[in-house]
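# An overview of the molecular structure
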Amino acid sequence: MADDPESTHLSPATVSLHDVWLAFGDHEVLRGISLDVRRGETLCILGGSGVGKSTILRLILRLLHATAGDVLIEGRDITTVSHDDVLELRERMGMVFQGSALFDSLSVRDNVSFPLYEHTRQTEDEIDARVRQVLSFVDLEPEDVLELLPAELSGGMRKRVAIARAIVHEPPILLFDEPTSGLDPITTRTIDDLILKLRHELNVCSIVVTHDLASANRIATESALLFDGEVIFNGTPEEMYASEVEYVQAFIA
Amino acid sequence: MSEASARRTAFRLTRDAVLGVALAVQEYFALLVRVLRACFTRPFYPGDLVQQMDTIGVASLFIVVLTGFFTGMVLALQSAVEMEQFGATIYIGRLVGASAVRELGPVLTALMVTGRAGAGMAAAIGAMKVTEQVDALRTMGVDPVRKLVAPRFIAALIMMPLLTVVADLIAIFGGLLIAVLKLGLTADLYMRSVYTTLADNGFVFQYIPVDLVQGLGKPIVFGAIMALTSCYYGIRTEGGTEGVGRSTTQAVVTTSILVLASDYFMTQLIIVFLL
């Protein structure tokens, strides 16, 4: 399932943003953002509310179009490729939304198997086996949850099902939008552990948008702090605590 | 505020409103193009199509039957009051048949199905939009227009004419009950009267009755309008649950107006070119 973890820092960036700008009319949301993330790394994007953290994830998926700059996914600029190529590149990514975004009318089984039915020609048995495998991976008992609807799940279970759906087709890139928001501390820790497990066992490239500093400290190999549309800090969590930038100190205080 | 400033503000508001409408019309027809392309190119979603046919067709059957039944009865009752004065009650069947098949059947069915299924479409897609389920589809490489809009569009094109035929038949039956039980006509006389008006109204290409063109052509257009308008408002929903309510209302109101307006223009075209 996983690539060779030894090659992590030798390989080119899996997701790379170069001088990305985004504006809505006169309002500049992002100003010259540059970030690199490789396989086996977890980048946590931190910052206050409304600074454009989630917007970066939407640019990576091309749910939004950057005003200027390059957004490279495994070396291909998603801002310039054709519509069909965008769909192909999106298959290389898995996204976990803030509200989980599970399909209300589908059971857990149908939610998790959805990408497989869409993009593979696997048999029913193969899909069923894969769904059970990923549900077990996210610490859910398949027999207990397969036939449940999203409305019947707790917040933590919904997040785990959303993660299962995001990883079921084995994408090398995972994007998380506020994965622990609204969860109690114990469930938050469970989700953090799951993100760590994904990195260690599947060697994925993860980008996590959060404003939960404690959570970021646990899971990040690198952190980027956004302020006023710009990255004002980018480095390891240790470097962040050693930073003398005034806003960084205020944020971590 | 000075008079000049007020005038400038009024101009700006008017200009923004006009541009907003023009943009909405452009988006509406862009959606129509994408839906038509999705109807004829892979991937298809037959399971979703069957589900939508059930939601639009089977689930709307009861209200359509009720609407047709009472419309037919009230048509017969009201016309009897006037026609009795001239001793023309034997022509009740002609009036009920023509009114139901040409106008009331298609229009009332479209309005009732819009209130039920169209509102449901806008609400369902709108709720998916505000809970990021539509974005989730896109991130999984699935085109929401193909998955959500195209099956609803095709299902509406198929089910609306079928529901209209049911409404027409039930309306004629409702008229029959009044004709027989209240006016003392025989069922045979009433049905001959219905048949005469539908058969004698001319033919298209010598074989296709004009009333069949009206009776089945209009519901196809109404079905397309309902599905497209409802999905259009659903997909552009913003602003949480309040936005879903707003989209649903807009979908029903706009569809109803478009149905009534397009009915007038289609009738005008039929009168000019076919009668």
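Quick caveat, the model's predicted, so the values are computed rather than measured.

Cut-offs and rules
- Residues numbered from 1 in each chain as written.
- Chains lettered and ligands numbered in written order.
- Predicted model: local features only at pLDDT ≥ 70, side-chain atom pairs only at ≥ 80, totals over all residues.
- Heavy atoms only, no water.
- Helix = DSSP H or I, 4+ residues; strand = E, 2+ residues; numbered from the N terminus.
- Buried < 20%, exposed > 50% of the residue type's maximum accessible area, 1.4 Å probe, protein only.
- Polar contact = N/O pair within 3.5 Å; in protein donor to acceptor, adjacent residues only side chain to side chain.
- Contact = heavy atoms within 4.5 Å.
- Patch = residues over 30% accessible without salt bridge, like charges linked within 9 Å, V, L, I, M, F, W, Y side chains within 5 Å.
- Areas by Shrake-Rupley, 256 points an atom, 1.4 Å probe, with all protein chains shown as cover.
- Salt bridge = Lys/Arg side-chain N within 4 Å of Asp/Glu carboxyl O.
- Phe/Tyr/Trp six-rings, centres within 6.5 Å; stacked < 30°, edge-to-face > 60°.
- Lys NZ or Arg CZ within 6 Å of the ring centre and 35° of its normal.
- Core = buried A, V, L, I, M, F, W, Y, C linked by side-chain atoms within 4.5 Å.
- Pairing = 2+ DSSP bridges.
- Axes fitted to C-alpha atoms, helices over the stretch in contact; angles between N-to-C directions.
- Buried area = accessible area lost by both parts, 1.4 Å probe.

## Description of the side chain of Ser 262 of chain B
All names here are of chain B. With respect to the helices and strands, the residue Ser 262 is situated in helix α9 (residues 240-273). Residue classification places Ser 262 among the buried residues on the basis of a relative accessible area of 15%. A polar atom in the side chain of Ser 262 sits 3.1 Å from the backbone oxygen of Val 259. Filtering out sequence-adjacent residues up to four positions away, Ser 262 remains in contact with Phe 222 and Ile 225.

## Description of a nonpolar patch on the surface
Residue and element names in this part refer to chain B. Taken together, the side chains of Leu 269, Ile 271, Val 272, Phe 273, Leu 274 and Leu 275 present a nonpolar region at the surface, about 600 Å² in accessible area. By secondary structure assignment, the location of Leu 269 is in helix α9. Using a relative accessible area of 48% as the deciding quantity, one classes Leu 269 as partly exposed.

## A look at the packing of aromatic side chains
Using the criterion set out here, one finds 9 aromatic pairs over all chains in the structure. With a centroid separation of 5.3 Å and 75° between ring planes, the pair formed by Tyr 232 of chain B and Tyr 233 of chain B is classed as edge-to-face. Comparing Tyr 232 of chain B with Tyr 233 of chain B, the two get one shared label, buried. A centroid spacing of 5.2 Å and a plane angle of 75° characterise the contact between Tyr 264 of chain B and Phe 265 of chain B, whose relative ring orientation is edge-to-face. Relative accessible area serves as the criterion here: at 54%, Phe 265 of chain B is assigned to the exposed category. Here the aromatic residues Tyr 28, Phe 29, Tyr 232 and Tyr 233 of chain B are joined through ring pairs into a cluster of three or more. When the ring centre of Phe 103 of chain A is taken as origin, the NZ or CZ atom of Arg 165 of chain A, which lies over that ring, is 4.8 Å away.

## Brief notes about the nonpolar core
Among the nonpolar cores identified, the biggest contains 78 residues, and Ile 56, Ile 60, Ile 73, Leu 175 and Ile 207 of chain A together with Ile 56 of chain B are the most heavily contacted of them. Counting residues per element, this core draws most heavily on helix α6 (residues 144-181) of chain B, at 10 residues. Residues within four places of Ile 56 of chain A in sequence aside, it is in contact with Leu 17, Leu 30, Ile 33, Leu 35, Ile 45 and Leu 226 of chain A.

## Section: the environment of Glu 74 of chain A
Residue and element names in this part refer to chain A. Here Glu 74 shows up in the loop between β4 (68-73) and β5 (76-77). When the C-alpha positions of Glu 74 and Ser 16 are compared, they lie 8.2 Å apart, and in sequence the two are 58 residues distant. The contacts of Glu 74, once residues within four sequence positions are left out, are Thr 14, Arg 92, Pro 172 and Ile 173. A distance of 2.8 Å separates a polar atom in the side chain of Glu 74 from a polar atom in the side chain of Arg 92.

## Examining the sheet that holds strand β10 (residues 230-235) of chain A
Residue and element names in this part refer to chain A. Taken together, 6 strands build an open sheet; the order of strands is β6-β7-β8-β3-β9-β10 and the sheet is mixed. The outermost strands of the open sheet, each flanked by one partner alone, are β6 (93-96) and β10. Pairwise comparison of adjacent strand axes, ignoring direction, gives a mean angle of 15° for this sheet. Pairing between β6 and strand β7 (residues 173-177): 4 bridges, direction parallel.

## Details of the pattern of salt bridges
Residues and elements named next belong to chain B. Tallying each qualifying case throughout the model produces 25 salt bridges over all chains. We note a salt bridge from Arg 102 to Asp 211, for which the minimum N-O separation is 2.7 Å. You can see Arg 102 sitting in helix α4 (residues 92-130) and its partner Asp 211 sitting in helix α8 (residues 210-235), a full 109 residues away along the chain. For Asp 211, a relative accessible area of 2% puts it in the buried group.

## Observations concerning the interface of chain A and chain B
Opposite the 20 residues of chain A that make contact, chain B presents 14 residues. Both sides together, the interface formed by chain A and chain B hides about 1500 Å², and carbon and sulfur atoms give 58% of it. If you look at where chain A meets chain B, you find 2 salt bridges. Glu 132 of chain B is the salt-bridge partner of Arg 58 of chain A, the closest N and O atoms lying 3.9 Å from each other. Scanning the region where chain A abuts chain B turns up 5 residue pairs in polar contact (both at pLDDT 80 or more). When contributions to the side of chain A that touches chain B are tallied by element, the ones reaching two or more residues are α2 (83-90), β6 and α3 (108-119) of chain A.

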